[in-house]
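Given next are the chains, with one letter for each unit.
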Amino acid sequence: MVADKNATVFVAGHRGMVGSAIVRRLHEQGYRNVITRSRDELNLVDQSAVRAFFAENAIDQVYLAAAKVGGIQANNEYPAEFIYENLMIESNIIHSAHEAGVQKLLFLGSSCIYPKLAEQPMREDALLTGTLEPTNEPYAIAKIAGIKLCESYNRQYGRDYRSVMPTNLYGPNDNFHPANSHVIPALLRRFHEAKLANAPTVTAWGTGKPMREFLHVDDMAAASVFVMELDDNTYQANTQPMLSHINVGTGVDCTIKELTETVARVVGFEGTIEWDTSKPDGTPRKLMDVSRLATLGWRASISLEDGLKNAYEWFLNNQDRFRQ
């Protein structure tokens, strides 16, 4: 199937890290009619506003990258907001898209949908086979509901609503806030500030032994457009009606120690790294099985070191956003 580059494509969440990368990718691929709306222009939690938006705009495709996101602390402190806002955003967009006759939609989920003790690497069929990680259970349940919304509209109405589940993402437009950012932006900022201060050491948490997988957001955007553009027969031959989501990752992980040393090298920090082993390590390993996506013909292309260089360059050019 040849992609229709004249299709009107709505990217929900275009100011976020993933949404902005999808917009960049669509423009690079020659899509001419990409529609976006800021939060001030369209409140995605407001059902009537979302319904009116779809009624007033002839949308052909939707990338649902909008979500309320945060780290462990935010998920612990605001579980009601995380489950309510994410359920409302995806419900409003998916249902309103269906009502407006939109045939193609891509929902972006999260690897946290899988059970806390899922076998490694985590395969798509691990979904709903065990207890979720308690700290982000409300967010995970909302993301699982998004997958099932897509599958339900496909089964009942013949829609073509697909879902992709990314591993840990990083890159341009990431959150580099000192208190509530994820591991890669937190490390980039910490080593950068240590370099400026000529600090002799940087202290990292835990033992450095846990293993994690990281995907540059530009690879995630490329995979998202790839999955959206797959012809129906190919997509359906590699998924199931009630197990339709596709993992997106590199299929390769590294220890937190290796990650930390690579960040230090990219930033140019020449001091020593000390490990505070009194701090928790967390889950020993989280790795995605990406064989389904590989079978379809897509693999990540950005190495961790190259991706970190790109993320650090973006941080250096946008530091004013994160000054305290």
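The paragraphs below set out a description of the structure included in this document.

Procedures and definitions
Residues numbered from 1 in each chain as written. Predicted model: local features only at pLDDT ≥ 70, side-chain atom pairs only at ≥ 80, totals over all residues. Heavy atoms only, no water. Buried < 20%, exposed > 50% of the residue type's maximum accessible area, 1.4 Å probe, protein only. Helix = DSSP H or I, 4+ residues; strand = E, 2+ residues; numbered from the N terminus. Pairing = 2+ DSSP bridges. Right-handed = clockwise from strand over helix to strand, strands pointing away. Arc of directions from axis to C-beta. Contact = heavy atoms within 4.5 Å. Phe/Tyr/Trp six-rings, centres within 6.5 Å; stacked < 30°, edge-to-face > 60°. Expected span 1.5 Å × (residues − 1). Axes fitted to C-alpha atoms, helices over the stretch in contact; angles between N-to-C directions. Parallel < 35°, antiparallel > 145°, perpendicular 65-115°, else oblique. Left-handed = near helix turned anticlockwise from the far one by under 90°. Core = buried A, V, L, I, M, F, W, Y, C linked by side-chain atoms within 4.5 Å. Salt bridge = Lys/Arg side-chain N within 4 Å of Asp/Glu carboxyl O.

Another point: the pairing of strand 5 (residues 160–166). Counting buried positions along strand 5 gives 7 out of 7 residues, so the element sits mostly inside the fold. Of the two faces of strand 5, the one carrying Asp160, Arg162, Val164 and Pro166 and the one carrying Tyr161, Ser163 and Met165 are both buried. Bridge count between strand 4 (residues 104–108) and strand 5: 5 bridges; the pairing is parallel. Note that in strand 5 the partner of leucine 108 across the bridge is valine 164. Running through helix 5 (residues 137–157), the crossover from strand 4 to the neighbouring parallel element strand 5 is right-handed. The pairing of strand 5 with strand 10 (residues 246–248) spans 3 bridges and is parallel. Each bridged residue has a counterpart across the sheet, and for methionine 165 the counterpart in strand 10 is asparagine 247.

Let us now look at helix 2 (residues 47–56). By the burial criterion, the buried members of helix 2 are Val50, Phe53 and Phe54. Projected down its long axis, helix 2 shows its buried positions confined to an angular sector of 90 degrees, all on one face. Along helix 2, the residues that are exposed and aim more than 90 degrees away from the buried face are Ser48, Ala55 and Glu56. Contacts made by the buried residues of helix 2 are with strand 1 (8–12), strand 2 (33–35), strand 3 (61–64) and helix 4 (79–99).

On to the packing of aromatic side chains. Per the counting criterion, the structure on display carries 8 aromatic pairs. Ring geometry for phenylalanine 191 and phenylalanine 269: centres 5.3 Å apart, planes at 55 degrees, overall tilted. Residue phenylalanine 191 is found in helix 6 (residues 183–196), and its partner phenylalanine 269 is found in the loop between helix 9 (256–267) and strand 12 (272–276); the two are separated by 78 residues along the sequence. By relative accessible area, phenylalanine 269 is classed as buried at 8%.

Let's shift gears to helix 9. For helix 9, which comprises 12 residues, the first-to-last C-alpha distance of 16 Å matches the rise-based estimate of 16 Å (1.5 Å per residue) to within 8%. Taken together, the buried positions of helix 9 are occupied by Ile256, Leu259, Thr260, Thr262, Val263, Ala264, Val266 and Val267. The first or second residue beyond helix 9 is glycine 268, which carries a positive phi of 95 degrees.

The 6 strands lie next to each other as 2-1-3-4-5-10, forming an open sheet whose pairing is parallel. The outermost strands of the open sheet, each flanked by one partner alone, are strand 2 and strand 10. Direction aside, the axes of adjacent strands within the sheet are offset by 20 degrees on average. Sitting on the sheet, helix 1 (residues 17–28) touches strand 1, strand 2, strand 3 and strand 4, and the angle it makes with strand 1 is about 160 degrees.

Overall, mixed pairing links the 3 strands, which are arranged 11-8-13 in an open sheet. With partners counted over all chains shown, the strands left at the sheet margins are strand 11 (254–255) and strand 13 (285–286), one partner each. Looking at chain direction, strand 8 (residues 211–212) and strand 13 are connected through 2 bridges and run parallel. Note on strand 13: the bridge partner recorded for arginine 212 is lysine 286.

Where helix 6 meets helix 9, the closest approach of the two axes is 9 Å, and the angle between their N-to-C directions is 45 degrees. The angle between the axes of helix 6 and helix 9 places the two elements in the oblique class. As helix 6 packs across helix 9, the resulting crossing turns out to be right-handed. Residue-level inspection shows Val183, Ile184, Leu187, Leu188, Phe191, His192 and Lys195 of helix 6 in contact with helix 9, the latter providing Leu259, Thr260, Val263, Ala264 and Val267.

Residue position: serine 38 is located in the loop between strand 2 and helix 2. According to the relative accessible area criterion, serine 38 is buried, its value standing at 7%.

Core analysis: the largest hydrophobic core is formed by 39 residues, its most contacted members being Phe10, Phe54, Val62, Ile93 and Leu105. Those elements giving two or more residues to this core turn out to be strand 1, helix 2, strand 3, helix 4, strand 4, helix 5 and strand 5. In terms of residue count, helix 5 provides more of this core than any other element does, 6 residues in total. Not counting chain neighbours up to four residues away, the residues in contact with leucine 105 comprise Val62, Ile93, Ile94, Ala97, Cys150, Asp160, Tyr161, Arg162 and Met228. Counting 32 residues, the second largest nonpolar core, distinct from the first, contains Val9, Tyr31, Val217 and Met220.

A few words now on the pattern of salt bridges. One pass over the full model with this rule turns up 11 salt bridges. Here aspartate 218 ties to arginine 24 by a salt bridge, and the two come within 2.6 Å at their closest N and O atoms. One end of the pair, aspartate 218, is in helix 7 (residues 217–229); the other, arginine 24, is in helix 1, with 194 residues separating them in the sequence. Taking the relative accessible area as the measure of exposure, aspartate 218 reaches 26% and is therefore partly exposed. Residues arginine 285 and aspartate 253 are paired through a salt bridge, measuring 2.7 Å at the closest nitrogen-oxygen approach. Of this pair, arginine 285 sits in strand 13 while aspartate 253 sits in the loop between strand 10 and strand 11, placing them 32 residues apart in sequence. Through salt bridges with shared partners, a single ionic network connects Lys104, Asp160, Arg162 and Asp232.

None of the figures reported here should be taken as evidence of function without further support.
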